[in-house]
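Chain by chain, the residues run as shown.
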Amino acid sequence: MAYKRQTDRLPIIPKDAKEFNVTCHYCIVGCGYKAYSWPVNKQGGAAADQNKFGVDLGKQQPANTAAWYSPSMYNIVRQNGEDVHIVIKPDKDCEVNSGLGSVRGARMAEMSYSRARNTELQRLTDPMVWRYGQMQPTSWDDALDLVARVTVAVINDMGEDGLFVSAFDHGGAGGGYENTWGTGKLYFGAMKVKNIRIHNRPAYNSEVHATRDMGVGELNNCYEDAELADTIVAVGTNALETQTNYFLNHWVPNLRGTSMDKKRAEFGSEPVAAARIIIVDPRRTVTVNACEVEAGKDRVMHLAINSGTDLALFNAWLTYIDEKGLTDKAFIAASTKDLDKALAANKTSLEEAAQITGLTVDQIRQSAEWIAQPKAGGARRRTMFAYEKGLIWGNDNYRTNGALVNVALATGNIGRPGGGCVRMGGHQEGYSRPSDAHVGRPAAYVDQLLIEGKGGVHHIWGCDHYKTTLNALKFKQAYKKRTDMVKDAMSAVPYGDRNATINAIVGAIKNGGLFAVDVDIIPTKIGQACHVWLPAATSGEANLTSMNGERRMRLTERYMDPPGQAMADCLIAARIANHMERVLREQGKTQQADAFKGFDWKTEEDAFMDGYAKHEKGGEFVTYARLKVMGTNGFQEPAVDFKDGKIVGTKRLYADGKFGGKDGKATFMETKWRGLQAPGKEAEKNKWPFLINNGRTNIVWQNAYLDQDNEFVMDRFPYPFIQMNPQDMAELNVKQGDLVEIYNDNGSTQAVVYPTPTAKRKQTFMLFAYPTGVQGNVVSAGVNEFIIPNYKQTWGGIRKIADAPEAVRDLTFKSEEYSRG
Amino acid sequence: MTGCPKMIDAGRRKFLSGAGLAAAGMAAATVVPSAAESAPAPARVEYPSNRLANVRDLKVDEPVNVSYPDPDAPGVLLKLGKRVPTGAGPDGDIVGFSTTCPHKGFPLSYSKSDHTLNCPGHYSRFDCDAGGQQIWGQATQNLPQYTLRIDANGDIYAEGLDELLYGRLSNVL
């Protein structure tokens, strides 16, 4: 039944409360927040002169007020060793969100570690090691000595290729410039680790190699472009749920027609109108619905293509736009090359594309015209292209990404106001590492190598393969078996004999075992298999810098203490380096030990100044003190100057028409359609009745690592849902809320049935990466040529397990779609 | 026959557990140090008992606009026509909710066809059949529901709320 907090009042923020800049640490959008804290034995008052807002809180506040916060925005946390009240609320003055809070970010306070109010007590507080048959707390020195000795022993035996690493490469919580630099300097500086993978995929690669290879960085516009565009093309992005406040605060005004003044100011006499939007997605999402509500159905084109056929559509757009003479010839001549090659290779008629995609010829023609047809008076249409996981984790990632960038380039829409061809993003960004060139391309398929028994030691940083990898069931089976061998070996050694423990571990590794070290903020699912857990701090517990989807860089200031002995990841990496250096010196390996110098950081700011400030473009202009002054608006990377007390940034990339290629040109790409590209996908499609499409939902952040301890979320979704057409439900003889098994030759998982009349027959959609039902269990090992997984094109069977479990019996199963009624 | 709707999940984490209670009590006490002994501050706000309507006034699926706990807090009384876990009245089908969206304070509108309250601001939807559970949306809380009491005459009284109302840091101002 609906969870209620029974909260009937909250402490009031006093006038003299401390104030901190905060960027939401969840999604790419990076909404601006402010944290306010004050002593636990004090509170403000309702009178205007007694509270932070300077307003009379004895009166009802109006809609959109800044002078209110919900119970989820409040908590009691530790700050410099003292309990303090804290409120973390959206910042009205931040250009990104203008005071809007998402259902995820507006719970940051409630999702903080609080012993006073029993929130997120799952957080790791101490280093833990496998001892007496379970994980036991220990000191940092004890845990790090064990990690260093085993890691050095494995490297001595197998070389650095015996060290496997899984590491975040993003910004926000569990990432940021400080922490990617810390881990990067350890594995790519002190060592040259090749068997490394990123948090959400089984190799060390880019999700958008193609656009980069074409000379077009993937975050090339600014959020304001969504307010200025004539047409928005949204491919495989459900922005209302996954980049919520970017959509609400920047797309919706354009769809409503309320950004017209902005357009007129920017474009002068050029004709302007409310935006049109083309949404390419096999599924009708709440984003499609919201666009229809705001823009009217006649300005929204939902292209519900056959799953995985985006590439054919984009090639047809390019062909048609060229044939009709709608390309931007001046731009193409000045800033690009190889359009002729791409046109020849990618030539696709409207009819061919219709046949492949399941769309009509008219839909494809009309959408091409919405993209490229000149406006009255001949002005070029300004079209913004945005894509995310539907493309990135879909069929033939590399070519499909390239094919979309082809269309954006051909229509001159990169580097111009109202344009851009951008990924929407998942996490924020915050990448600063020494070169990864030694990893090679294609990079090692790390998860597969682990299944095959390769490697001796595995360092895991903020990743949970058990929830967020493909072929997850087979991975878990192999991983458990290998790590159990080491656990059993450790358990057999009398406690206190470190040398005997190391020898036992090394012995087990020689027999195929794996020693696993998990650095995280909570005990993860993969952590169940690990031998050491190292407790990390998260955003707000350490200073942290990141950038959002328009390259907007901010500093989130430390507003509370990390739980127990937890430390920022960059400092954990530094301490691992210190211990490895010590062990190597002990062993007389002076030269190897010297490689681990330069990790004498005491604070995360030390790591920032060693990494970002010295190595990133424009980094010389950026310091913590300057970022603090720049507040929640920050600046857009790269920094180009520091003037009048402010960091000067870059609103759009490529505004000068110079692209990333060596000759300053962007290169069109040959992207011929080749069907379902990943091995085994076509056969899987033919064998199983249901498409098991998958992705996120609004209320849950990422794999629910914090949400799993939040009653508001777990009350709503105790189990992952699978959206299903009611007629399919009738055929399977299942009711709403029934627990079903989803299965195929890759594995099996479970979900509860959510009736969805708008779902196409035999096309389901399952919540991804949920702890109580891992969708990745049924995703095949098939990847593209650069080891990018293909989660979206998964097919399986469905059978009933049981009637609705008690926890879901009284839940709502009504349509998620808003209507004006 | 009178019905008293059960509180929704009252046993779980409440703000007033642990140090939150200490803080609220302490702050009140600091104003007049001796007051703590003679007149302890109540742990929860005092909710008024307000007559909103009589069961005779309610027709199935016809929302009645009300306000609670004061005229600045709009709400709705509904007779759903089917017994629900949080329903009051002889048929267990009378419920009352705040109609101010707990996300950004926009007024919710009732959809008869599916018993939902809908927000035009950011598309949040709440299910009146399921205790105001947010079906989908941006609010970080489910919809505040009234604690209803129905006396022998059929008069319907609101006597409490189960979540904080938007736009006020105390449900009773």
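Right above here is the structure, for reference.
Residues numbered from 1 in each chain as written. Chains lettered and ligands numbered in written order. Predicted model: local features only at pLDDT ≥ 70, side-chain atom pairs only at ≥ 80, totals over all residues. Heavy atoms only, no water.

**Some thoughts on the overall build of chain B**
Part 1 of the argument: A tally of helices and strands in chain B yields two helices and 10 strands.
Part 2 of the argument: The N-to-C order of helical and strand elements in chain B reads α-α-β-β-β-β-β-β-β-β-β-β.
Part 3 of the argument: Buried residues in chain B amount to 58% of all 173 residues.
Part 4 of the argument: Contacts in chain B between residues at least 24 apart in sequence constitute 46% of all its contacts with a sequence separation of at least 6.
Part 5 of the argument: Accessible area of chain B: about 6700 Å², with a carbon and sulfur share of 55%. (Helix = DSSP H or I, 4+ residues; strand = E, 2+ residues; numbered from the N terminus. Buried < 20%, exposed > 50% of the residue type's maximum accessible area, 1.4 Å probe, protein only. Contact = heavy atoms within 4.5 Å. Areas by Shrake-Rupley, 256 points an atom, 1.4 Å probe, with all protein chains shown as cover.)

**Looking at helix α15 (residues 397–410) of chain A**
Part 1 of the argument: End to end, α15(A) covers 20 Å across 14 residues, agreeing with the expected 20 Å (1.5 Å per residue, within 8%).
Part 2 of the argument: Across the 14 residues that make up α15(A), a large majority, 13, are buried. (Expected span 1.5 Å × (residues − 1).)

**Section: the sheet that holds strand β8 (residues 196–198) of chain A**
Residues and elements named next belong to chain A.
Part 1 of the argument: Pairing is mixed in the open sheet, where seven strands are placed in the order β6-β5-β17-β16-β15-β7-β8. Both edges of this open sheet fall to β6 (134–137) and β8, since each of them pairs with a single strand only. Recorded for the sheet is a direction-independent mean angle of 20° between the axes of neighbouring strands.
Part 2 of the argument: Relative to strand β15 (residues 457–461), strand β7 (residues 163–167) runs parallel, the two being bridged by five bridges. Residue pairing in the sheet places V165 in a bridge with H459 of β15.
Part 3 of the argument: The strands that helix α18 (residues 472–491) touches are β5 (128–131), β15 and β16 (515–520); relative to β16, the one it contacts most, it runs at about 100°. (Pairing = 2+ DSSP bridges. Axes fitted to C-alpha atoms, helices over the stretch in contact; angles between N-to-C directions.)

**Description of the nonpolar core**
Part 1 of the argument: A:F247, A:W251, A:W317 and A:F515 are the most contacted members of the largest nonpolar core, which has 229 residues in total.
Part 2 of the argument: When residues in this core are grouped by element, the largest group, 11 residues, is from helix α1 (residues 140–158) of chain A.
Part 3 of the argument: Here A:W251 is in contact with A:A226, A:I232, A:A234, A:A239, A:Y246, A:I277, A:M384, A:A386 and A:M424, once residues within four sequence places are set aside.
Part 4 of the argument: Counting 21 residues, the second largest nonpolar core, distinct from the first, contains A:M714, A:V752, A:A804 and B:I135. (Core = buried A, V, L, I, M, F, W, Y, C linked by side-chain atoms within 4.5 Å.)

**Notes on the side chain of A:R552**
All names here are of chain A.
Part 1 of the argument: Mapping R552 onto the fold places it in strand β19 (residues 552–556).
Part 2 of the argument: For R552, a relative accessible area of 6% puts it in the buried group.
Part 3 of the argument: Side-chain polar atoms of R552 contact the side chain of E95, separated by 3.5 Å.
Part 4 of the argument: Among the polar contacts made by the side chain of R552, one reaches the side chain of E550 at a distance of 2.9 Å.
Part 5 of the argument: Excluding its chain neighbours within four sequence positions, the residues that come into contact with R552 are E95, V96, S546, M547, N633, F635 and Q636. (Polar contact = N/O pair within 3.5 Å; in protein donor to acceptor, adjacent residues only side chain to side chain.)

**Here we look at the packing of α1(A) against helix α19 (residues 498–510) of chain A**
Residue and element names in this part refer to chain A.
Part 1 of the argument: Viewed as axis vectors pointing N to C, α1 and α19 meet at an angle of 45°, and their least axial separation amounts to 10 Å. The orientation of α1 relative to α19 falls into the category oblique. The two elements α1 and α19 cross, and the hand of that crossing is right-handed. Facing α1, whose interface residues are D142, D145, L146, R149, V150, A153, V154, D157 and M158, α19 presents R498, T501, I502, I505, V506, I509 and K510. (Parallel < 35°, antiparallel > 145°, perpendicular 65-115°, else oblique. Left-handed = near helix turned anticlockwise from the far one by under 90°.)

**Regarding the packing of helix α12 (residues 350–357) of chain A against helix α13 (residues 361–372) of chain A**
Residues and elements named next belong to chain A.
Part 1 of the argument: Relative to each other, α12 and α13 sit at 115°, their axes nearing to 8 Å. Judged on the interaxial angle alone, α13 and α12 are roughly perpendicular. Here α12 runs over α13; the crossing is right-handed. For the pair α12 and α13, contact is made by L350, E351, A353, A354 and T357 and by V361, I364 and R365, respectively.
Part 2 of the argument: When its residues are assigned to classes, the contact of α12 with α13 shows five nonpolar, one polar and two charged. (Nonpolar A, V, L, I, M, F, W, Y, C, P; charged D, E, K, R; others polar.)

**A closer look at the side chain of A:N784**
Residues and elements named next belong to chain A.
Part 1 of the argument: Its place among the elements puts N784 in the loop between β28 (763–767) and β29 (795–802).
Part 2 of the argument: The buried category is assigned to N784, whose relative accessible area is 5%.
Part 3 of the argument: Separated by 2.8 Å, the side chain of N784 and the backbone nitrogen of F786 make a polar contact.
Part 4 of the argument: Once residues lying within four places of it in the same chain are set aside, the contact partners of N784 are N397, Y398 and Q677.

**Describing the sheet that holds β28(A)**
Residues and elements named next belong to chain A.
Part 1 of the argument: Judged by pairing direction, the barrel is mixed, and its six strands sit side by side in the order β24-β28-β25-β27-β26-β29 before closing back on the first. Direction aside, the axes of adjacent strands within the sheet are offset by 45° on average.
Part 2 of the argument: The pairing of strand β25 (residues 721–724) with β28 spans two bridges and is antiparallel. Within β28, the residue paired with I722 across the bridge is M766.

**Here we look at the state of the cysteines**
Part 1 of the argument: Taken as a whole and judged by the stated rule, the model has zero disulfides over all chains.
Part 2 of the argument: Note on B:C119: no disulfide assigned, nearest cysteine sulfur contributed by B:C101 at a separation of 3.9 Å. (Disulfide = S-S within 2.5 Å.)

**A few points about the interface of chain B and chain A**
Part 1 of the argument: Every contact between the two is made by 68 residues of chain B and, on the other side, 69 residues of chain A.
Part 2 of the argument: Across the chain B-chain A interface, the total number found is five salt bridges.
Part 3 of the argument: When the shortest N-O distance is used, the salt bridge between A:K814 and B:D129 registers 2.8 Å.
Part 4 of the argument: Run the count over chain B and chain A and you get 39 residue pairs in polar contact (both at pLDDT 80 or more).
Part 5 of the argument: Every element with two or more residues in the side of chain B that touches chain A is listed here: α1 (19–31), β6 (116–118), β7 (125–127) and β8 (133–136) of chain B.
Part 6 of the argument: A per-element tally of the side of chain B that touches chain A places α1(B) first, with seven residues. (Salt bridge = Lys/Arg side-chain N within 4 Å of Asp/Glu carboxyl O.)

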